[in-house]
Amino acid sequence: MSTTDIAPAGAERVSRREPSAVLRMSEAEAAAIGGDPDDPGDDELVLLNMGPSHPSTHGVLRLMLELSGETVLRSKPVIGYLHTGMEKTGEQLTYLQGGTNVTRMDYASPLFNELAFSLATERLLGIEVPARATWIRMLMCELNRVSSHLLFMATNGMDLGAVSMMIYGWREREEVLRFFEKVTGLRMNHNYIRPGGVAADLPADWRADVSELIELIEPRLDEYDTLLTGQPIWRERLQGVGIISAAEAVALGATGPILRGAGMAWDLRRDEPYLFYDQVDFDVIVGTHGDCYDRYAIRLNEIRESLRIVAQIIDAVPSGDYRTQDKKVTPPPRARIDESMEALIHHFKIFTEGFKVPAGEAYAAVESPRGELGVYLVSDGTSVPYRVHVRAPSFVNLQTLPHLMQDGLIADGVAIISSVDPIMGEVDR
Amino acid sequence: MAERYGAPVGGDRPSRGQAVIHPSPSQWLDVAAAVRADGFDQLIDFTAVDYLTYGADRSLPEGVQPERFEVVASLMSHERRERLRMRVQVPADDPTLPTLFDLWPGSESLEREVYDMFGIAFEGHPDLSRILMPEDWPGYPLRKDYDSGRIPVQFKAASNVR
């Protein structure tokens, strides 16, 4: 099947020449003309502010909505409330420290940030990572996809009034985070995947732990099906809400579940395999209608696919090094430091100055739970990147929001924000 | 010199196996339209780099005049599963480029981010305004002559120290 069949070219509906879904208006302009929502005599269009601290906005997303009655005509996401200049900070940290910075961007799937940053650095360095390290990276990332989608299940349920789903999603996610804590020492923001490999080897009994996780989560997914998927209220609330076509999604730069929900089978793990994704079996889940229900169903079933990949990884991880033996990027082992002055100096140098990376530029992309997460690095030959740019999937996906919300109700807007699943830490960086 | 879409290809140093073309600012829209017509249906990423203090050799292809700013657009062809990067030199005294909005509407917030962070203006953009920084913010934070730590932060001691 060629991709053109599923993604017809052209993006007429989102062209500027057509009536737009995006409210292109500054805050000052909005303040000057906004109608008075409390005045019953004012039946003109109303500009309504929603957020930034609104329970359904997943952090600090603010929306300017142009309303006619309860119907949303145009809207504009106003972002930047979490902007802390992380790309600027990245220009002051060495490549070894960089992971601690980028991991905080998409805090629901921190390992993907670290992976993309490490892959870009390794591309500049031109080094190979040992097979065991690559399998460990895949294992951790797929488990992270599970925990991230479980977080989506929890918040999506909560936003739509299925409050028990929030507790269930949180409960299962916690089990995954417990395993992360055992491996990396931290529940979130691990700094575990580093240029050259991973920070530490897996604990001795990791296979038992991971098998237990799979056994625990799989039947719970069937419970979610009973609780939500087939339930008429849930379907009524999501089906036909927030529709986007594949052509629109491509034109607006959307990736991940939004693009797949619109019917386009595009997953970097399959279409541009990195790590060892070409050696495992999994299906790319695709929707048909591009509505909130499809995006929900895709994420639920992607948890199943991730568990399927994890089960294959358990048998596939070989013995060997968990980080490269290239002495340029990997410090000498602890035992060598006691007997060799040079090893001690080498260790000290790597952690103070950092390792030098050849000048040039490189881009590396991975399929994060939210879409294509890319890191663009420019090196000037020193141990600190000259420029760190992160292509955050949530930031680009947020552009679809006005198009999804147009002509819908405000109440559906809450379902739509939830189904886009933006992580504001990565939107604002 | 290799040419593709009428723009110089690559540098002295291959960019880690990734295809790169270097259109000039005046070619920018024409090359972008040719690239779009050739099946690159999605603008994946769009950013800029300020090369003001860059110490190493830029290794641009012959005939490309290095300038302070460089705008980098990453494109994806889903049909051919192929990526292409376009790097264009933008002079410091006239940091403007035509917008890619009409070719890829997804460039809207990405171009706003570059405008916000680097002060590069995109002619014809439907809503060229700051996106991450406050609307009245002075300066462009990701420029190399914009120091970090320039805004003093006041740390207050606890008033009731026992």
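Throughout this description, residue numbers start from 1 for each chain and increase along the sequence as written. For naming, the first written chain is A and the first written ligand is 1, with later ones following in the order written. Residues qualify for local features only when their pLDDT is at least 70, as the model is predicted, and side-chain atom pairs are given and counted only at 80 or more; totals for whole chains, interfaces and linings, by contrast, use all residues.

Asker: A description of the overall build of chain B should follow, citing residues and the corresponding values.
Answerer: Across its full length, chain B carries two helices and eight strands. Evaluated residue by residue, chain B yields a buried proportion of 41% over its 162 residues. Placing a C-beta atom from the backbone of each residue, one calls two residues in contact when those atoms lie within 7 Å. Within chain B, residue pairs in contact and separated by at least 24 positions form 58% of the contacts whose partners lie at least 6 positions apart. Strands here are runs of E lasting at least two residues and helices are runs of H or I lasting at least four, both read from the DSSP assignment and numbered beginning at the N terminus. To sort residues by exposure, count the other C-beta atoms lying within 10 Å of each residue's C-beta; 20 or more gives buried, 12 or fewer gives exposed, and values between give partly exposed, all with C-beta atoms placed from the backbone.

Asker: Can you break down the overall build of chain A residue by residue, with the values?
Answerer: What chain A contains, in helices and strands, is 19 helices and eight strands. Each of the three principal axes of chain A carries a C-alpha extent, and together these read 85 × 45 × 40 Å. When the 429 residues of chain A are sorted by exposure, 50% land in the buried category. Taking the contacts inside chain A whose residues are at least 6 apart along the sequence as the reference set, 69% of them involve residues at least 24 apart.

Asker: Which residues make up the sheet that holds strand β7 (residues 371-379) of chain A, and what values do they have?
Answerer: Residues and elements named next belong to chain A. With antiparallel pairing, the three strands of this open sheet are ordered in space as β6-β7-β8. Each edge of the sheet is formed by a strand with only one pairing partner; in this case those strands are β6 (360-368) and β8 (387-391). This sheet shows a mean twist of 15° between the axes of neighbouring strands, independent of strand direction. One bridge is not enough; two strands pair if DSSP finds at least two bridges between them. Where β7 lies against β8, five bridges are found, and the strand directions are antiparallel. Between N-to-C directions, angles span 0 to 180 degrees; the directions come from axes that are lines fitted to C-alpha atoms, helices contributing only their stretch in contact.

Asker: Talk me through the packing of helix α6 (residues 131-159) of chain A against helix α13 (residues 292-316) of chain A; I want residue IDs and the actual numbers.
Answerer: Residue and element names in this part refer to chain A. One way to put it is that α6 packs onto α13 with a least axis distance of 9 Å and a crossing angle of 155°. Judged by the inter-axis angle, α6 sits roughly antiparallel to α13. At the point where α6 passes α13, the crossing takes the left-handed sense. Listed contacts from α13 to Trp135, Met138, Leu139, Glu142, Leu143, Arg145, Val146, His149, Leu150, Phe152, Met153 and Asn156 of α6 are Tyr296, Arg299, Leu300, Glu302, Ile303, Ser306, Leu307, Ile309, Val310, Ile313 and Ala316. Under this grouping Gly is polar, as are all residues other than the nonpolar Ala, Val, Leu, Ile, Met, Phe, Trp, Tyr, Cys and Pro and the charged Asp, Glu, Lys and Arg. Classifying every residue of the contact of α6 with α13 gives 16 nonpolar, three polar and four charged. Roughly parallel means an angle under 35 degrees; roughly antiparallel means over 145; roughly perpendicular covers 65 to 115; every other angle is labelled oblique. Handedness of a helix crossing follows the sense of rotation of the near helix relative to the far helix, less than a right angle counterclockwise being left-handed and clockwise being right-handed.

Asker: With reference to specific residues and values, describe the interface of chain B and chain A.
Answerer: Between chain B and chain A, the contact holds 37 residues from the first and 47 residues from the second. Counting residues per element, the ones that place at least two in the side of chain B that touches chain A are β4 (42-50), β5 (69-77) and α2 (107-118) of chain B. For the side of chain B that touches chain A, the leading source of residues is β4(B), giving six residues. Across the side of chain B that touches chain A, the residue classes tally to 15 nonpolar, eleven polar and eleven charged.

Asker: How would you summarise the sheet that holds strand β3 (residues 20-21) of chain B if you had to cite specific residues and measurements?
Answerer: Residues and elements named next belong to chain B. Pairing is mixed across the open sheet formed by four strands, whose spatial order is β3-β6-β5-β4. For this open sheet the edge positions go to β3 and β4, each flanked by a neighbour on one side alone. Of the strand pairs in this sheet, β3 and strand β6 (residues 82-90) are connected by two bridges, and their pairing is parallel. In the sheet register, Ile21 faces β6, and the bridge partner there is Met86.

Asker: Summarise the environment of B:Leu84; cite the residues concerned and give the values.
Answerer: All names here are of chain B. Inspection of the secondary structure assignment puts Leu84 in strand β6. On the neighbour-count criterion, Leu84 (20 C-beta atoms within 10 Å) is buried. For Leu84 and Ala33, which are 51 residues apart along the polypeptide, the C-alpha to C-alpha distance reads 13 Å.

Asker: Please set out helix α5 (residues 110-125) of chain A residue by residue, giving values where relevant.
Answerer: What a helix is expected to span follows from its residue count: subtract one and scale by 1.5 Å. Under the 1.5 Å per step criterion, the end-to-end length of α5(A) is 23 Å for 16 residues, consistent within 8% with the ideal 22 Å. A:Gly126 occupies a position one or two residues after α5(A) and carries a positive phi of about 70°.

Asker: Now, about unusual backbone geometry: what can you tell me, with residues and values included?
Answerer: Of all residues except glycine, most have a negative phi; of all peptide bonds, most are trans. Although it is not a glycine, A:Asn191 adopts a positive phi angle of roughly 50°. By secondary structure assignment, the location of A:Asn191 is in the loop between α7 (163-184) and β4 (193-194). Residue class for A:Asn191 comes out buried when judged on the 21 C-beta atoms lying within 10 Å of it. Its identity as a non-glycine residue notwithstanding, B:Arg81 has a phi of 50°, on the positive side. Counting through the fold element by element, B:Arg81 comes out in the loop between β5 and β6. Residue B:Arg81 is classed as exposed on the basis of its 12 C-beta neighbours within 10 Å.

Asker: Provide a residue-level description of the nonpolar core, including the pertinent values.
Answerer: Grouped together as the largest cluster of nonpolar side chains are 153 residues, with contacts concentrated most on A:Ala116, A:Ala120, A:Ala249 and B:Val71. The element best represented in this core is α6(A), accounting for 14 residues. In contact with A:Ala116, not counting residues within four places along its chain, are A:Ala364, A:Ala365, A:Val366, A:Leu373, A:Gly374 and A:Val375. A set of buried Ala, Val, Leu, Ile, Met, Phe, Trp, Tyr and Cys residues, joined through C-beta atoms within 7 Å, is what we mean by a nonpolar core.

Asker: I'd like a description of the pairing of β5(B), backed by residues and values.
Answerer: Residues and elements named next belong to chain B. With eight of its nine residues buried, β5 lies for the most part within the structure. Bridge count between β4 and β5: eight bridges; the pairing is antiparallel. Within the sheet, the bridge partner assigned to Asp45 lies in β5 and is Ser74. With nine bridges joining them, β5 and β6 adopt antiparallel strand pairing. Looking at β6, one finds that Met76 is bridged to Arg83. The hairpin formed by β5 and β6 contains four residues between the paired strands, and Arg81 there has a positive phi angle of roughly 50°.

Asker: Please give an account of helix α15 (residues 341-352) of chain A that cites residues and values.
Answerer: An α-helix turns once per 3.6 residues; consequently, residues spaced three or four apart project the same way. All names here are of chain A. Across its twelve residues, α15 extends 16 Å between first and last C-alpha, which sits within 8% of the 16 Å expected from 1.5 Å per residue. For α15, the buried fraction is low: zero of the twelve residues fall into the buried class. Note on α15: the residue one or two positions beyond its end, Gly354, has a positive phi of about 85°.

Asker: I'd love a proper account of the confidence of the model for chain B, names of residues and values included.
Answerer: Low-pLDDT portions of the prediction should not be read for the details of their coordinates. The quantity called pLDDT is the predictor's confidence in a given residue, expressed from 0 to 100. The share of residues in chain B with pLDDT of 70 or more is 86%, and the mean pLDDT across the chain is 84. Scored as a complex, the prediction yields pTM 0.89 and ipTM 0.87.

Asker: Any chance you could break down the confidence of the model for chain A for me, citing the residues and the numbers?
Answerer: Residues and elements named next belong to chain A. In the predicted model, chain A carries a mean pLDDT of 87, and 92% of its residues have values of at least 70. Averaged pLDDT values over the elements of chain A bottom out at 37 in helix α1 (residues 3-6) and peak at 94 in β8. The low-confidence segment residues 1-18 (pLDDT under 50) makes 32 contacts with residues lying over four places distant or belonging to another chain.

Asker: Kindly report on the packing of helix α4 (residues 95-102) of chain A against α5(A), identifying the contributing residues and their values.
Answerer: For any two helices packed against each other, one specifies the inter-axial angle together with the distance between the axes. Residues and elements named next belong to chain A. Viewed as axis vectors pointing N to C, α4 and α5 meet at an angle of 155°, and their least axial separation amounts to 8 Å. Put simply, α4 runs roughly antiparallel to α5. Once α4 is placed against α5, the crossing between them reads as right-handed. Every residue of α5 that contacts α4 at Tyr95, Gly98, Gly99 and Val102 is listed here: Asn113, Glu114, Phe117 and Thr121.

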